[in-house]
Amino acid sequence: MRRISAPSHLLGLVLALTAGALVACDSQGSEEDAAQALAEQLVGALTAHTAPPEPAATSDSAVAEASPAAPSESLSEPESESEASSPLADVPFVDAEGKPVESSAVTEEVDEVLAGMDGLVPTVELAGGVRLAGDGGDGGDGGDEAERTAAATLTWSWPDTDEGAWRYDADVSLVRSGQGWAVTWERALLEPGLEPGDVLDAVTQPADRGDITGAGGEVLVTERRVVRIGIDRSKVDAAAAPTSARRLARLADLDADRYATAVKAAGPRAFVEAITYRDGEVPARVEAAISTVPGVAGVVDDVPLAPSRDFAAPILGRVGPVTAEMVEKDPQTYRPGQLAGLSGVQSRYDEQLRGRDGRIVYAVPEDGAEKRRTLYEREPEAGRPLALTLDRNLQALAEKVLSATGPASALVAVRPSDGAILAAANDAGTDGRNDATFGRFAPGSTFKIVTALALSRAGLEPSSPVRCTPTITVDGKRFKNYSDYPASALGRITLAEAFAQSCNTALIGERERIGKNDLAEAAASLGLGIDHDLGFPAFFGEVPDAASDTEAAAALIGQGKVLASPMAMATVMASVQAGRTVVPRLVDQVDVSVPAAAKPLSDDEAATLRQLTRGVVTEGSGRVLAGVPGGAVRAKTGTAEYAEEGAIRTHAWMVAARDDLAVAVFVRTGKSGSATAGPLLRGFLYGAP
């Protein structure tokens, strides 16, 4: 069957025809050619008329997003100028009795019928050629020329999914009148099931979003009850709506002017959301506004939420209405009003989690939606769950431990036996950043675990003698120990004691033993510095080549250009505890493996590192962890200097392992690892099973 769509050359045909005139049959043409030309003109006009309008320039995109009525206004309430310029104005129409119909009336009816199609843009094609009645059409004798009729079939296709569309054929009647042809107007040529007065209404059937689960399959994120608070424009006069919006915004601690502008711009029946609260958490002053402030309303809904507002928030991310940028970037996937993952793993795995919405298209008669008829239906497909390794209890414990800190802080717990990230917590001081797995900080003396491995590979043993001096100078740069370093541990001491007391000068003094790549290779053996995709934002750290002797010396004590995240340092401690290179993992469906570049730990190397880190707790700077219940605790403290606002401050670190648990605690600004990070780590280990 020949199908003729409406390519660009047909638009030229539309413009070439005389506006509002019947398509004439010249002496050289044929009746069939003239009818065919009219049918093709109709296809071109419908295609052009239903095409999306050019986006209008706006100076306030936020207002446009906040106005639910905006998308349909251009179609359902066209201005007279747009009516006059509609390609349908060039198509001659008659009614069922053959009387001419104004094209403006047809344009209004087309817009009325299609206004409810949710912004979908159809494809219209001509299925085959025009079929003449009378001569050559039905075998008759031709009859009176004024009575001649023809028929054509339009194939409509409405995009619904990537795999398919709602397709149907609609018959069109053409009539010969006077010197030309005209289209018999009826709503059924837009959809054959439509009767006079019917309109189309496409209703999205939301798919159930997949849950996010944690360790043991426990549900972390699922649909939970919320209350959306906002202004219902249908319940307040247009003049009073901005005033109500400002009152509500002040009660909810929002930008009053911005919200009032959004409410003013919204349609007369729009609900303009101001803020969403979990069920039972609506402040009394806001709840009172529902009955005291005109237009304020609360809408109950169910949305995907974690157990609490802050639970692993930077990692899990959030779900909300799609943004204008998302729609513009991927209009085939996202439409205004839909919910989607906006950040974290909710965004990264949105396609998997969101499933596929269903759709129902109704024919709605003039006398009410209760008599609507279903023309098309596609069932929604639920999203697939996403399994993570986070342990709900340990994550909650980590966040509770960090809740008392003032500066930005983070805590990561890794299971050494399989690399599972059991907790990745960020406190309020991080301002929503994911410092736990994606932060980039100098690790300070916690990095001495890596240095100790490099020195072990260079021939030093825990009992090997080293010199711990108050200061040491390298290429003009003076290095010293931390301010509370015990004087009793100065002088000739063992490597084990230098490690336990965290003597900077002793390790820097052994720098000649370490080759150019030795430190980076030791780091890789402990899971640090080799980046790969884990399926979530993760920074494994970096140990770049030193540009000078000073940089090389600073790297030995975890400063200079050496960087790590709390996750990376927890991985280092997990590798010590496991006796092999550990690769952290969070997303079950993402396979992880030890990079080929990582030289395996030998049994002797692992034993040395366990001995050194155990000594930190029994006789060194990590005594704060002595007495923690469970198996033997191994640890390393650390501080790292950084500049901020013209002052030199210190990061506070501590890493530890006990049984099948390795933990790193980072505090952006603190006194020392043992004094600042130590109590936090101790509290976590006491609470962890």
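The structure contained in this document is the topic of the report that follows. (Residues numbered from 1 in each chain as written. Predicted model: local features only at pLDDT ≥ 70, side-chain atom pairs only at ≥ 80, totals over all residues. Heavy atoms only, no water.)

## So, the overall build of the protein chain
Then, in step 1: The secondary structure content of the protein chain amounts to 23 helices and 28 strands.
Then, in step 2: Across the 689 residues of the protein chain, 49% fall into the buried class.
Then, in step 3: The long-range share in the protein chain, meaning contacts at least 24 apart out of those at least 6 apart in sequence, stands at 70%.
Then, in step 4: Of the roughly 31300 Å² of accessible surface on the protein chain, a fraction of 48% belongs to carbon and sulfur atoms. (Helix = DSSP H or I, 4+ residues; strand = E, 2+ residues; numbered from the N terminus. Buried < 20%, exposed > 50% of the residue type's maximum accessible area, 1.4 Å probe, protein only. Contact = heavy atoms within 4.5 Å. Areas by Shrake-Rupley, 256 points an atom, 1.4 Å probe, with all protein chains shown as cover.)

## Side note on the packing of helix 14 (residues 392-402) against helix 23 (residues 673-687)
To describe two helices that pack against each other, one gives the angle between their axes and the distance between the axes.
Then, in step 1: Orientation of helix 14 relative to helix 23, taken along the N-to-C sense of each, is 150 degrees, at an axis distance of 9 Å. On the basis of the axis angle, helix 14 is roughly antiparallel to helix 23. Helix-helix and strand crossings are classified by hand; for helix 14 and helix 23 the assignment is right-handed. Contacts between helix 14 and helix 23 pair L394, L397, A398, V401 and L402 from the former with L680, G683, F684 and G687 from the latter. (Axes fitted to C-alpha atoms, helices over the stretch in contact; angles between N-to-C directions. Parallel < 35°, antiparallel > 145°, perpendicular 65-115°, else oblique. Left-handed = near helix turned anticlockwise from the far one by under 90°.)

## Quick notes on the sheet that holds strand 17 (residues 358-364)
The strands making up a sheet associate through hydrogen bonds between their backbones, and the pairing can be parallel or antiparallel.
Then, in step 1: Here three strands make up an open sheet; going across it, the order is 10-17-18 and the pairing antiparallel. Only two strands of the sheet have a single neighbouring strand rather than two, namely strand 10 (199-205) and strand 18 (373-378). On average, adjacent strands in this sheet sit at an angle of 20 degrees to one another, irrespective of strand direction. (Pairing = 2+ DSSP bridges.)

## Here's the deal with the pairing of strand 21 (residues 421-426)
Side chains on a regular strand alternate between the two faces of the sheet.
Then, in step 1: Taking burial as the measure, the six residues of strand 21 include six buried ones, the bulk of the element.
Then, in step 2: One ladder, built from five bridges, connects strand 20 (residues 409-414) with strand 21; its direction is antiparallel. Bridging across to strand 21, A410 finds its partner in N426.
Then, in step 3: What sits between strand 20 and strand 21 in their antiparallel hairpin is a turn of six residues, with G419 showing a positive phi close to 80 degrees.

## Description of the side chain of E191
Then, in step 1: Tracing the sequence through the fold places E191 in the loop between strand 9 (180-184) and strand 10.
Then, in step 2: In this structure, E191 is buried with no salt-bridge partner, the nearest side chain bearing the opposite charge being R373 at 6.5 Å.
Then, in step 3: Within the structure, E191 has its side chain in polar contact with the backbone nitrogen of G193 (distance 2.5 Å).
Then, in step 4: Discounting chain neighbours no more than four positions away, the residues touching E191 are W166, Y168, L200 and L375. (Lys, Arg positive; Asp, Glu negative; His and termini not counted. Salt bridge = Lys/Arg side-chain N within 4 Å of Asp/Glu carboxyl O. Polar contact = N/O pair within 3.5 Å; in protein donor to acceptor, adjacent residues only side chain to side chain.)

## Some thoughts on the packing of aromatic side chains
Then, in step 1: Under the definition given, this model contains eight aromatic pairs.
Then, in step 2: Their ring planes at 55 degrees and their centres at 4.7 Å tell us that W166 and Y168 sit as a pair that is tilted. No difference in accessibility class separates W166 from Y168, as the two residues are buried.
Then, in step 3: With 4.9 Å between their ring centres and 55 degrees between their planes, W653 and F666 make a pair best called tilted. A residue pair is termed long-range when its members are at least 10 positions apart, and W653 in strand 27 (residues 647-658) and F666 in strand 28 (residues 661-667) qualify at 13 residues.
Then, in step 4: According to the relative accessible area criterion, F666 is buried, its value standing at 1%.
Then, in step 5: Aromatic rings pair up to connect W156, W158, W166, Y168 and Y376 into one cluster.
Then, in step 6: The lysine or arginine in question, K477, covers the ring of F479, its NZ or CZ lying 5.8 Å from the ring centre.
Then, in step 7: Sitting above the plane of the F499 ring, K636 keeps its charged end 5.6 Å from the centroid. (Phe/Tyr/Trp six-rings, centres within 6.5 Å; stacked < 30°, edge-to-face > 60°. Lys NZ or Arg CZ within 6 Å of the ring centre and 35° of its normal.)

## Brief notes about the environment of P380
Then, in step 1: Its place among the elements puts P380 in the loop between strand 18 and strand 19 (386-387).
Then, in step 2: A relative accessible area of 33% places P380 in the partly exposed class.
Then, in step 3: In sequence terms P380 and A207 are 173 residues apart; their C-alpha atoms lie 5.1 Å from each other.
Then, in step 4: P380 has contacts with Q205, P206, A207, R356, D357 and G358, leaving out every residue within four places of it along the chain.

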